[in-house]
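Next come the chains, spelled out residue by residue.
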Amino acid sequence: MSLFNGCGVALVTPFDKEGNVSFEALDSLLSHVINGGVDALFVCGTTGEPSTMTKQERESVISHCIRFAKGKIPVFAGSGGNNTAEAVAFSRRCEELGADGLLVVTPYYNKCTQNGAYLHYKEISDAVHIPVIAYNVPTRTGFNLKPETIARLCELKNVRGVKEASGDIDQMLEVARLTHGKMDFYIGDDSLTVPAMSVGAKGVISVAANVVPDKMSKLTALCAQGDYAQAAELSFTLSPFIKKLFCEVNPIPCKKALEFLGIAAGVPRLPLTEAEPAHAREIRDELIALGLIRA
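The structure displayed is predicted, hence computed values, not measured ones. Just so you know, the residues in each chain are numbered from 1, in the order the chain's sequence is written. Selection of residues for local features in this predicted model requires a pLDDT of at least 70, selection of side-chain atom pairs for listing and counting requires 80 or more, and totals for whole chains, interfaces and linings are taken over all residues. The side-chain quantities take in all heavy atoms of the structure and omit both hydrogens and water.

Undergrad: Teacher, can you tell me more about the pairing of strand β2 (residues 40-43) here?
TA: On a regular strand, one side chain projects to one face of the sheet and the next to the other, so that they alternate. Here the term buried applies to any residue with accessible area under 20% of the maximum for its type, exposed to any over 50%, and partly exposed to those in between, with areas from a 1.4 Å probe on protein chains only. Under the scheme used here, helices are H or I runs from DSSP no shorter than 4 residues and strands are E runs no shorter than 2 residues, and both carry numbers assigned from the N terminus. The alternating pattern of β2 places A40 and F42 on one face and L41 and V43 on the opposite face, and all of these are buried. Strand pairing is defined by DSSP finding a minimum of two bridges between the two strands. Here strand β1 (residues 6-10) pairs with β2 via 3 bridges, running parallel. Its bridge partner being in β2, A10 is matched across the sheet by F42. One ladder, built from 3 bridges, connects β2 with strand β3 (residues 75-78); its direction is parallel. Among the inter-strand pairings, F42 is bridged to a residue of β3, identified as F76. The handedness rule is simple: strands pointing away from the viewer, and a clockwise path from the first strand over the helix to the second, make the crossover right-handed. For the crossover from β2 across helix α2 (residues 55-69) to β3, the handedness is right-handed.

Here's what the structure looks like:
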């Protein structure tokens, strides 16, 4: 059985005006995405800004989401890091909190070898009893987990999936080929959802689903049904908005879009900043074009 099929949301972490985690806004966001039909929650991944949160804050947000979901949909906790020992310890802690699985980003900044990355995942896999999804996002980490290494991860007992977010179509195709029948493959780039699912991806782990969970859920459902003609049309409709979600570093635009929807996601923590005024206007225009807010 797959870890999940369809649309997983890479959840933002809302902050209040004082910069603290806003659990009230988090509840609004969770209601929005769950009612919108998402199939899984990914908490404290890149979009959730874990690198500027304390360990206690991350634990509190993960626990809160687990309680809110109440077993209706799986909750995957971001537990990766560039210190293997700390990543192992936090992965164990997330399992204790009740996470259904872990999203583990590749080690960053240290510039390890491919074998070093494999051993990093092996340490985590050996330390827990819940599924691990390896997360490759070289534009953020400075390290690219090669398809051959991803295939090697299939040997590990708890590494059950991969989130491939390199943005490289050739690499995506090779990951799909090498993991087919061995590991769940999820695309981490919203814009590549349709082509990825056409070659076997189980779904998307989506930034856009924070804002348009119903549309991203419908997109993955169409792909799962094999209706790629309608899926392409919907993808074309969403494409301009998705591009705007990455006009600045994620999750800056996503938080601004949620603000326009009336969900107080707040401003990202430094060194990330609030969306530039010109970009904010462009994001608002795309939400109007999708019929989500009024002009």
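Undergrad: Where do I start with the sheet that holds strand β6 (residues 159-164) in this structure?
TA: Strand pairing within a sheet occurs via backbone hydrogen bonds; the two strands may be parallel or antiparallel. With parallel pairing, 8 strands are arranged side by side around a closed barrel as β1-β2-β3-β4-β5-β6-β7-β8. Adjacent strand axes in the sheet meet at a mean angle of 25 degrees, parallel and antiparallel pairs treated alike. Only heavy atoms matter for contacts: two residues are in contact if any of them lie within 4.5 Å across the pair. Every axis corresponds to a line fitted to the C-alpha atoms, with the helix fit spanning only the stretch in contact, and the corresponding angles, defined between N-to-C directions, vary from 0 to 180 degrees. Against the sheet, helix α4 (residues 114-127) contacts β4 (101-105), β5 (132-136) and β6, and its axis sits at roughly 160 degrees relative to β4.

Undergrad: What is the right way to read unusual backbone geometry from this model?
TA: Residues apart from glycine generally show negative phi values, whereas peptide bonds are mostly found in trans. Residue P251 is reached from N250 by a cis peptide bond, and omega for that bond is 10 degrees. Here P251 is to be found in the loop between α10 (228-244) and α11 (252-261). Cis peptide bonds are those with omega within 30 degrees of zero, and the linkage from L270 to P271 qualifies with 15 degrees. Within the secondary structure layout, P271 lies in the loop between α11 and α12 (277-289). In this structure, E49 takes a positive phi of about 60 degrees despite not being glycine. On the secondary structure map, E49 appears in the loop between β2 and α2. The backbone phi angle of Y109 is positive, close to 70 degrees, even though this residue is not glycine. Assignment of secondary structure puts Y109 in the loop between β4 and α4.

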